[in-house]
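So you can see what is in the structure, the chains are spelled out below.
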Amino acid sequence: MTNKLIDKFGMKESKIVSTPLTPQGKRKGVEGDDKEFADPTKYRRIVGGLLYLCASRPDVMYASSYLSRYMSSPSIQHYQEAKRVLRYVKGTSNFGVLFTSKETPRLVGYSDSDWGGSLEDKKSTTGYVFTLGSAMFCWQSCKQQTVAQSTAEAEYIAVCAATNQVIWLQRLFEDFGLKFKEGIPILCDNKSAIAIGRNPVQHRRTKHIEIKYHFVREAEHKGLIQLEYCKGEDQLADVLTKALSVSRFEGLRRKLGVKPRYG
């Protein structure tokens, strides 16, 4: 699939890069970059191919999600960014999620957000991943529907998305005969968001948050999930919310279980 994608868009002779996107999801500004790209259909085909690749490559999930926001009217800069992702994919064409056997696999989730990361509308990005054993098997990166008024709110909305996903996963695993005696841990690097999820009392600091997101409190109370704190450097979902430096990106990619299939 990867090699077909590279050949299809004429990137076979291009130079490879270490990350899908430069930090902040954009490269250095060049005059004329903000002009509309002349062939939006080509851009949509590239992004569509990248989104298909996300089924087995969580390391390109954020870049693909970010680029998909501009499908209707991409600029020249967006097209250049899409080509950069293809250059990254070319350099990692033999990468994939590597699973190894575990005697007692444990389902664990990581939830994160990038507060106000969208330059256009200041909406935040939700990212979550779930691991069962040696590598990640479930991941998502998407823009939030509402504008969060604080970092805690953005993180809390992300936790809600992860909670909805983990409840679906629990039901799925029950069909396979696997039941979880305890709540599934969801690791978040924001203590305020965890406090909101654990506190059943609605007060003035949280009343502006839409009621639908307080589903997290009910899930915590019923023991379906366990909200736990993790340090920012240990937050694996960080790779799904923003463009990162080379060292940070490669470190998280390794922890996600994305490794060369051979060689």
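Residues numbered from 1 in each chain as written. Predicted model: local features only at pLDDT ≥ 70, side-chain atom pairs only at ≥ 80, totals over all residues. Heavy atoms only, no water.

When its secondary structure is counted, the protein chain shows eight helices and seven strands. Computed over its C-alpha atoms, the radius of gyration of the protein chain comes to 19 Å, within 12% of the 18 Å expected for a compact globule of 263 residues. Along the first, second and third principal axes, the C-alpha atoms of the protein chain reach 55 × 45 × 30 Å. For the protein chain, the proportion of its 263 residues judged to be buried stands at 49%. Partitioning the contacts of the protein chain with sequence separation of at least 6, the portion at a separation of at least 24 is 74%. (Helix = DSSP H or I, 4+ residues; strand = E, 2+ residues; numbered from the N terminus. Rg over C-alpha atoms; globule rule 2.2 N^0.38 Å. Buried < 20%, exposed > 50% of the residue type's maximum accessible area, 1.4 Å probe, protein only. Contact = heavy atoms within 4.5 Å.)

Checked against the element boundaries, R57 lands in the loop between helix 2 (40-53) and helix 3 (61-68). Spatially, the C-alpha atom of R57 lies 12 Å from that of V85, the residues being 28 residues apart in sequence. Setting aside its immediate chain neighbours within four residues, R57 contacts Y88, T92, F95, G96, W139 and V258. Within the structure, the side chain of R57 is placed 2.8 Å from the side chain of D59, a separation counted as a polar contact. (Polar contact = N/O pair within 3.5 Å; in protein donor to acceptor, adjacent residues only side chain to side chain.)

On to the packing of aromatic side chains. All chains considered together, the criterion is met by seven aromatic pairs. Relative to Y79, the ring of F37 lies with its centre 4.1 Å away and its plane at 15°, an arrangement referred to as stacked. Here F37 is found in the loop between helix 1 (2-8) and helix 2, whereas its partner Y79 is found in helix 4 (residues 76-91), with 42 residues between them in sequence. The interplanar angle of 80° and the centroid separation of 5.6 Å between the aromatic rings of Y88 and F249 together place this pair among those described as edge-to-face. Pair noted here: Y88 is in helix 4 and F249 is in helix 8 (residues 246-256), with a separation of 161 residues, a long-range link. On the basis of relative accessibility, which here comes to 4%, the residue F249 falls in the buried class. (Phe/Tyr/Trp six-rings, centres within 6.5 Å; stacked < 30°, edge-to-face > 60°.)

What the five strands build is an open sheet, ordered 4-3-2-5-6; its pairing is mixed. Edge positions in the open sheet fall to strand 4 (136-143) and strand 6 (225-229), since each of these has one partner strand only. Within this sheet the neighbouring strands show an average axis-to-axis angle of 20°, counted without direction. Pairing analysis gives eight bridges linking strand 2 (residues 107-114) to strand 3 (residues 125-132), with the strands arranged antiparallel. Its bridge partner lying in strand 3, V108 is registered against T131. (Pairing = 2+ DSSP bridges. Axes fitted to C-alpha atoms, helices over the stretch in contact; angles between N-to-C directions.)

Another point: the packing of helix 5 (residues 151-175) against helix 7 (residues 215-222). Relative to each other, helix 5 and helix 7 sit at 50°, their axes nearing to 9 Å. Regarding the angle of helix 5 to helix 7, the classification is oblique. As helix 5 runs across helix 7, the sense of the crossing is left-handed. Taking contact as the criterion, the partners of Y156, V159, C160, T163, N164 and I167 in helix 5 are, on helix 7, F215, V216, R217 and A219. Here the residues of the contact of helix 5 with helix 7 are counted per class, giving seven nonpolar, two polar and one charged. (Parallel < 35°, antiparallel > 145°, perpendicular 65-115°, else oblique. Left-handed = near helix turned anticlockwise from the far one by under 90°. Nonpolar A, V, L, I, M, F, W, Y, C, P; charged D, E, K, R; others polar.)

This paragraph deals with the environment of Q235. Within the secondary structure, Q235 sits in the loop between strand 6 and helix 8. In this structure the C-alpha to C-alpha distance between Q235 and S111, which are 124 residues apart in sequence, comes to 7.8 Å. Setting aside anything within four residues of it in sequence, one finds Q235 in contact with Y110, S111, D112, L187, C188, D189, C230, R248 and L252.

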